[in-house]
Amino acid sequence: MSTSKRILSGIKPSGDLNIGGYAGALSQFVKFQHEFESFFFVPDLHAVTVAQDPKELHQRSREIAAYYVAAGIDPEKSTIFLQSQVPAHAELGWIMETQAHFGELNRMTQFKEKSDGKEGVSASLFTYPALMASDILLYQATHVPVGEDQTQHLELTRDLANRFNSRFGQTFIVPEAIVQDIGCRVMGLDDPHKKMSKSNPNQASYILMLDEPAAIRKKFSRAVTDSDGQVRYDWESKPAVSNLIELYSLFAEVSTEDVERRFDGQGYGAFKKELAEVVIAKLQPIQQRFHEIVNSPELDEILKRGARKANEEAGKTLLAAKKAMGFVTFD
Ligand code: TYM
């Protein structure tokens, strides 16, 4: 078993990526790739827990992989792959379902939110966290960078790893979540109490990774603030402004105190204008690289190479887990 520091994480190809996913996940992947041996995957099997149009799933899966490369993940150093090209995920996913209790899956807040009031909820939406545990444990990841909304799934992953290890002998590394203070929960521009999400019908509530500069300027100019007029970081009394300060801090790579100092006494107009410019400046090169690569043979090669490496790594862990459980294996 590997004892080096390893990360694994991914972004579901289930809709257009917004800057919340960039803040909470993608920008962290780019940063951590230098510190850890890294596996970044496209959880396409997770996307199909709700109905997907096949053409869109196909294109969005390529898009997420293209964002990884465009944002600065080095495919020579990190392994980038599609989950559906590594069958071990589904197989260990099944094994994890045998370890997960119905009650603990039933407590997952994301399941509650996503199934609430819906007809025809798939069984896979319910068992989804067991598959997520499998994604992580297959690579013996020591750390998993995620936004705040995934921490409950990470806790379950840890419980399942511990449960399996104590029943069948030490097999999996018990991973830790890495949740950054800044950017781990980007809220909607229209409502600081709701996560920024593309499922919000109000398009002005989120900024997409591919938004044009004019749209970004317009959306920030309309972002809700408060009546106090001070650019001050305080989630308790100023959630909307604090959300914008975090975005500025993340995109300009300065501290929240620096943001407060810079806009001291200037009011929200100037602050929002500059915020739009720092976001545009960061997104433009990513957008350009994204368009170059998204439908290119270069991306195919990266994904093929990634799948080979991922299959090798995942295969080792799956075999160890099956042996530990008593399945007949020949190696
Ligand atoms: P997903 O695709 O919903 O989101 C991908 C990552 O982006 C983070 N994120 C946010 N962070 C801050 N503010 C926001 N508004 C925001 N929106 C999204 C999420 O926290 C997440 O880190 N189940 C996972 C995908 C997954 C996975 C895994 C992740 C499947 N297997 C194994 C890590 C490891 C999900 O649906 O993320």
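If you're wondering where the values come from, they're calculated on a predicted model, not measured in any experiment.

A. Here's a closer look at the domain arrangement of the protein chain. Domains assigned within the protein chain are domain 1 (6–185 + 296–325) and domain 2 (203–290). Placing a centre on the C-alpha atoms of domain 1 and another on those of domain 2 gives a separation of 29 Å. Contacts between the two partners involve 20 residues from domain 1 and, on the opposite side, 20 residues from domain 2. Summed over both partners, the interface of domain 1 with domain 2 buries about 1700 Å², with 72% contributed by carbon and sulfur atoms. Of all residues in domain 1, Ile19, Tyr22 and Ile182 bury the most surface against domain 2, accounting for 38% of the area lost on that side. The interface formed by domain 1 and domain 2 includes 1 salt bridge. Of the charged contacts in the structure, one is a salt bridge between Glu298 and Arg289, with a shortest N-O distance of 3.1 Å.

B. Focus on the nonpolar core. Membership of the largest hydrophobic core comes to 61 residues, with the highest contact counts inside it found for Ile19, Leu26, Tyr68, Met209, Phe220 and Phe251. Mapped onto this core, the elements with two or more residues apiece are helix H1 (19–32), strand S2 (37–42), helix H3 (54–71), strand S3 (79–82), helix H9 (213–222), helix H10 (239–252), helix H12 (267–293) and helix H13 (297–325). Ranked by the residues each element gives to this core, the list is headed by H12, at 11 residues. Looking at which domains feed residues into this core, each of domain 1 (6–185 + 296–325) and domain 2 (203–290) gives three or more. Aside from chain neighbours lying at most four places away, what touches Met209 is Leu17, Asn18, Ile19, Tyr22, Leu26, Tyr67, Leu283, Ile286 and Gln287. In terms of nonpolar packing, the next biggest core, distinct from the first, is built from 36 residues, Leu8, Ala100, Ala141 and Leu318 among them.

Thresholds applied
Residues numbered from 1 in each chain as written. Predicted model: local features only at pLDDT ≥ 70, side-chain atom pairs only at ≥ 80, totals over all residues. Heavy atoms only, no water. Domains from an automatic or database assignment. Contact = heavy atoms within 4.5 Å. Buried area = accessible area lost by both parts, 1.4 Å probe. Salt bridge = Lys/Arg side-chain N within 4 Å of Asp/Glu carboxyl O. Core = buried A, V, L, I, M, F, W, Y, C linked by side-chain atoms within 4.5 Å. Buried < 20%, exposed > 50% of the residue type's maximum accessible area, 1.4 Å probe, protein only. Helix = DSSP H or I, 4+ residues; strand = E, 2+ residues; numbered from the N terminus.

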